[in-house]
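# Remarks on the overall topology
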Amino acid sequence: MSKIIFYEGKGKRKEIEVHPGQTLLEVAREYEIDIEGTCEGNLACATCHLIIDKDWFVKLPEATEDERDMLDLVSGLTVNSRLGCQITVTADLDGLIVFLPPAHYDRNNSQ
Ligand code: FES
């Protein structure tokens, strides 16, 4: 099992134990973390935008050119931005820290 820590904004933190092999988008869906993922992981929407803790970002496999192209479309892009559907949890990622983008939780808190 690998522990993934999601920060959903405004102090909301969710710590989840998952089996390696799932993508971060799949994990988020299973544990009711509010990530859209409109295209179901087909690299066609960028609504699964996540920001990875900087110490963990460097440990991830590099984004493909297709992922980088999609990332160019997100608002609030950061140097540590990735698409959740493109990151598969592995045993090496035990303890991974992930943030939902500020635009995401600002939108949800204004409702
Ligand atoms: Fe559409 Fe990730 S779910 S790009």
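Remember, predicted model here, so these are calculated numbers, not experimental data.

Criteria and thresholds
Residues numbered from 1 in each chain as written. Predicted model: local features only at pLDDT ≥ 70, side-chain atom pairs only at ≥ 80, totals over all residues. Heavy atoms only, no water. Salt bridge = Lys/Arg side-chain N within 4 Å of Asp/Glu carboxyl O. Buried < 20%, exposed > 50% of the residue type's maximum accessible area, 1.4 Å probe, protein only. Helix = DSSP H or I, 4+ residues; strand = E, 2+ residues; numbered from the N terminus. Patch = residues over 30% accessible without salt bridge, like charges linked within 9 Å, V, L, I, M, F, W, Y side chains within 5 Å. Areas by Shrake-Rupley, 256 points an atom, 1.4 Å probe, with all protein chains shown as cover. Lys, Arg positive; Asp, Glu negative; His and termini not counted. Charge placed at Lys NZ, Arg CZ, Asp CG, Glu CD. Core = buried A, V, L, I, M, F, W, Y, C linked by side-chain atoms within 4.5 Å. Contact = heavy atoms within 4.5 Å.

Counted by the stated rule, this structure contains six salt bridges. In this structure, Arg13 engages Glu15 in a salt bridge whose closest nitrogen and oxygen atoms are separated by 2.7 Å. Note on Glu15: relative accessible area 43%, which makes it partly exposed. Note that Glu67 is salt-bridged to Arg82, the shortest N-O span being 2.8 Å. Linking Glu67 in helix α3 (residues 65–71) with Arg82 in strand β4 (residues 81–83), this pair joins segments that are 15 residues apart in sequence. Like Arg82, Glu67 is buried. Each of Lys3, Arg13 and Glu15 takes part in a single network of salt bridges with overlapping partners.

We now examine a negative patch on the surface. On the surface, Glu65, Asp66, Asp69 and Asp72 cluster together into a negatively charged patch. As for its position among the elements, Glu65 is in helix α3.

Let us now look at unusual backbone geometry. The phi torsion at Glu32 lies on the positive side, around 55°, for a residue other than glycine. Mapping Glu32 onto the fold places it in the loop between α1 (24–30) and β3 (49–52). Residue class for Glu32 comes out exposed when judged on its relative accessible area of 69%. Unlike most non-glycine residues, Ala46 shows phi in positive territory, near 65°. On the secondary structure map, Ala46 appears in the loop between α1 and β3. Here Ala46 falls in the buried class, since its relative accessible area comes to 10%.

Let's shift gears to the nonpolar core. Counting residues in each nonpolar core, the largest one holds 28 residues, and the members touching the most others are Phe6, Leu24 and Ile35. Counting residues per element, the ones that place at least two in this core are β1 (2–9), β2 (12–18), α1, β3, α3 and β5 (96–99). Broken down by element, the residue count for this core peaks at four residues, all from α1. Once residues lying within four places of it in the same chain are set aside, the contact partners of Leu24 are Ile4, Phe6, Leu50, Ile52, Gly84, Ile87, Val89, Leu96 and Val98.

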